[in-house]
Structure formats: structure tokens, C-alpha cells
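Residue-level structural notes
Residue strings, one per chain:
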Amino acid sequence: ATHCVEGLQVDEVRSRRWLELSAALATAVAPHIGHQAAGDAAREAERRDMPIRHVLLERGHFTAEELDRLSAALELTTPGVAGDPRARPSEPPAG
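Residues numbered from 1 in each chain as written. Predicted model: local features only at pLDDT ≥ 70, side-chain atom pairs only at ≥ 80, totals over all residues. Heavy atoms only, no water.

Along its 14 residues, helix H3 (residues 35-48) runs 20 Å from first to last C-alpha, staying within 8% of the 20 Å computed at 1.5 Å per residue. Each element contacted by the buried residues of H3 is listed here: helix H2 (25-33) and helix H4 (52-58). One or two steps after H3, the chain reaches Asp 49, where phi turns positive at roughly 55°. (Helix = DSSP H or I, 4+ residues; strand = E, 2+ residues; numbered from the N terminus. Expected span 1.5 Å × (residues − 1). Contact = heavy atoms within 4.5 Å.)

Here we come to the side chain of Glu 44. Note on placement: Glu 44 falls in helix H3. Among the polar contacts listed, one links the side chain of Glu 44 to the side chain of Arg 48, at a separation of 2.5 Å. Ignoring sequence-local partners within four residues, the contact set of Glu 44 consists of Val 55, Glu 58 and Arg 59. (Polar contact = N/O pair within 3.5 Å; in protein donor to acceptor, adjacent residues only side chain to side chain.)

What follows deals with the environment of Leu 56. Inspection of the secondary structure puts Leu 56 in helix H4. Look at Leu 56 and you get buried, because its relative accessible area is 0%. Between the alpha carbons of Leu 56 and Asp 40 there is a distance of 9.9 Å; along the sequence they are 16 residues apart. In contact with Leu 56, not counting residues within four places along its chain, are Leu 25, Val 29, Ile 33, Ala 41, His 61, Phe 62 and Leu 67. (Buried < 20%, exposed > 50% of the residue type's maximum accessible area, 1.4 Å probe, protein only.)

The N-to-C vectors of H2 and H3 enclose an angle of 140°; their axes lie 7 Å apart at closest approach. As far as their axial angle goes, H3 and H2 are oblique. Classified by chirality, the crossing of H3 by H2 is right-handed. Along the contact surface, H2 presents Ala 26, Val 29, Ala 30 and Ile 33, while H3 presents His 35, Ala 37, Ala 38 and Ala 42. Among the residues making up the contact of H2 with H3, the classes are represented as seven nonpolar, one polar and no charged. (Axes fitted to C-alpha atoms, helices over the stretch in contact; angles between N-to-C directions. Parallel < 35°, antiparallel > 145°, perpendicular 65-115°, else oblique. Left-handed = near helix turned anticlockwise from the far one by under 90°. Nonpolar A, V, L, I, M, F, W, Y, C, P; charged D, E, K, R; others polar.)

By the definition in use, this model includes five salt bridges. A salt bridge links Glu 44 to Arg 48, with the shortest nitrogen-to-oxygen separation between them at 2.5 Å. Remark: Arg 48 and Glu 44 occur in helix H3; sequence separation between them is four residues, near one turn of the helix. Owing to a relative accessible area of 15%, Glu 44 belongs among the buried residues under this scheme. Here Glu 58 makes a salt bridge to Arg 48, at a shortest N to O gap of 2.8 Å. Taken together, the positions of Glu 58 in helix H4 and Arg 48 in helix H3 put the pair ten residues apart, joining distant regions of the chain. Residue classification places Arg 48 among the partly exposed positions, given a relative accessible area of 33%. Shared partners join several salt bridges into a network, and the residues in it are Glu 44, Arg 48, Glu 58 and Arg 59. (Salt bridge = Lys/Arg side-chain N within 4 Å of Asp/Glu carboxyl O.)

Here you go:
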């Protein structure tokens, strides 16, 4: 951990809340429901000042469990399409 700030700790609850209020989840769900539907859900969430997750659930695009899986930190930070292991590289890139 050469380039880390000593004593740095992640506030998981706060981080999750920022993710829920962000339209970034639209990017993760777009491959599953299409760009238009993801964008529409993000705009509605913004207009209604609510998490996009709630809009996606209301519209029936996903179950709560599916959204939990798609919005997991590992899914959002690993190359490939969130929720689709077939779209992930089988080996890490060389270098």
C-alpha cells in the first residue's frame, strides 16, 4: 500500500447513498434494458428527486435482488458488463 493515505477508511453507508443518488447506475443497467430506458429512468429519478433504483423497481425493469447484484461495488469496478460474467475478460490484461 505504497500510495495510500494512512488510516483511510471507507464509509460504506455514505458511499452507497451517493451511488443511489447518482445517475451512474443508468450506465450499469443500460446493457440490460437499453440506453433509452436507462436514460428515461435517470431523468425521471432526477425530476422526482429520488434514487434511480426506485424508478427502475417501479417500472419493473429489475427485482431488488437483481439491482443489488448490478450495483455491487465489484460489479461496477470490474471490466465488462455489470451482471454479465460472459462479458468479462477471462484473464487480466497483460502489462
